Amino acid sequence: METKELAKQLGISHQMANRYKMKGMPTDSLESAIAWRKSNVDPFRSKSGRICSNIGVRRGTRSATNTHAIDELKNDVNDCQLDLESTNADCMSSNQFGQMAA
C-alpha cells in the first residue's frame, strides 16, 4: 500500500506516516498499521488524545473564538493581579484581602 494512501486512511499526514514507517510501522495493510500504532504510539501524542479533542492551531492563524478566549483570560488575570505600584497602604491591603476572598 502506498504511504500517502495509508496516511489518509489513518488520518495522519504522509510525513508522519513516513516517520512511523521508519520506526517499523507495517504498510502492507490498514489493519496492521492500526495495530502497530496502538502498541507503539502514545495516544496523548496524537490529536485525538488531546484534552477536549483539541485539534491544534497552525502558527500564525487564530480564529475569532480563540482570540476571544485569550482576551477573556487576559482580563481575568489582570483582575486578579495586585497593584504593586501603589504607595497607598489602604489600597494595597484591600488588594491583598481581595485576593484571599477570591
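This structure is a prediction, so every number in the text was calculated from the model and none was measured. (Residues numbered from 1 in each chain as written. Predicted model: local features only at pLDDT ≥ 70, side-chain atom pairs only at ≥ 80, totals over all residues. Heavy atoms only, no water.)

Turning our eyes to something else, we now look at the overall build of the protein. A tally of helices and strands in the protein yields 5 helices and 0 strands. Start at the N end of the protein and walk to the C end: the helices and strands fall as α-α-α-α-α. Considering the protein as a whole, with its 102 residues, one finds that 15% of them fall into the buried category. For the protein, long-range pairs separated by at least 24 residues make up 14% of all intrachain contacts whose partners lie at least 6 apart in sequence. Accessible area for the protein stands at about 8,600 Å²; split by element, carbon and sulfur atoms hold 53% of it. (Helix = DSSP H or I, 4+ residues; strand = E, 2+ residues; numbered from the N terminus. Buried < 20%, exposed > 50% of the residue type's maximum accessible area, 1.4 Å probe, protein only. Contact = heavy atoms within 4.5 Å. Areas by Shrake-Rupley, 256 points an atom, 1.4 Å probe, with all protein chains shown as cover.)

Next up on the list: the nonpolar core. Membership of the largest hydrophobic core is limited to 10 residues, which are L6, A7, L10, I12, A17, Y20, M25, A33, W36 and V41. No other element matches the 3 residues that helix α1 (residues 3-10) contributes to this core. Those residues in contact with A17 that sit more than four places away from it in its chain are T3, A7, I12 and M25. (Core = buried A, V, L, I, M, F, W, Y, C linked by side-chain atoms within 4.5 Å.)

With that settled, the discussion passes to α1. Of the positions making up α1, those classed as buried are T3, L6, A7 and L10. What you see down the axis of α1 is that its buried residues fit within an arc of 100 degrees, all on one side. In this structure, α1 carries K4 and K8 as exposed residues pointing more than 90 degrees from its buried face. Phi turns positive one or two residues past the end of α1, at G11, with a value near 80 degrees. (Arc of directions from axis to C-beta.)

With that out of the way, let us pick up the side chain of T3. Residue position: T3 is located in helix α1. When neighbours within four sequence positions are excluded, T3 is seen to be in contact with H14, A17, N18 and K21.

Quick look at the packing of α1 against helix α2 (residues 14-22) now. Direction vectors running N to C along α1 and α2 enclose 105 degrees, while the axes themselves pass 8 Å from each other. If you check the angle between α1 and α2, you find them roughly perpendicular. Residues T3, K4 and A7 of α1 touch α2, and the partners they reach there are H14, A17, N18 and K21. Grouping the constituent residues of the contact of α1 with α2 by class yields 2 nonpolar, 3 polar and 2 charged. (Axes fitted to C-alpha atoms, helices over the stretch in contact; angles between N-to-C directions. Parallel < 35°, antiparallel > 145°, perpendicular 65-115°, else oblique. Nonpolar A, V, L, I, M, F, W, Y, C, P; charged D, E, K, R; others polar.)

Summing up the model confidence of the protein, the mean pLDDT is 75 and the portion of residues at 70 or higher is 56%. Taken element by element, the protein is modelled with least confidence in helix α5 (residues 89-101), mean pLDDT 56, and with most confidence in α2, mean pLDDT 93. (pLDDT = per-residue confidence, 0-100.)

Remark: α1 packs on helix α3 (residues 30-40), axes separated minimally by 11 Å, with the N-to-C direction vectors making an angle of 65 degrees. As for how α1 packs across α3, the hand of that crossing is right-handed. Where α1 approaches α3, its residues L6, Q9 and L10 are matched on the opposing element by L30, A33, I34 and R37. Partitioned by chemical class, the residues of the contact of α1 with α3 number 5 nonpolar, 1 polar and 1 charged. (Left-handed = near helix turned anticlockwise from the far one by under 90°.)

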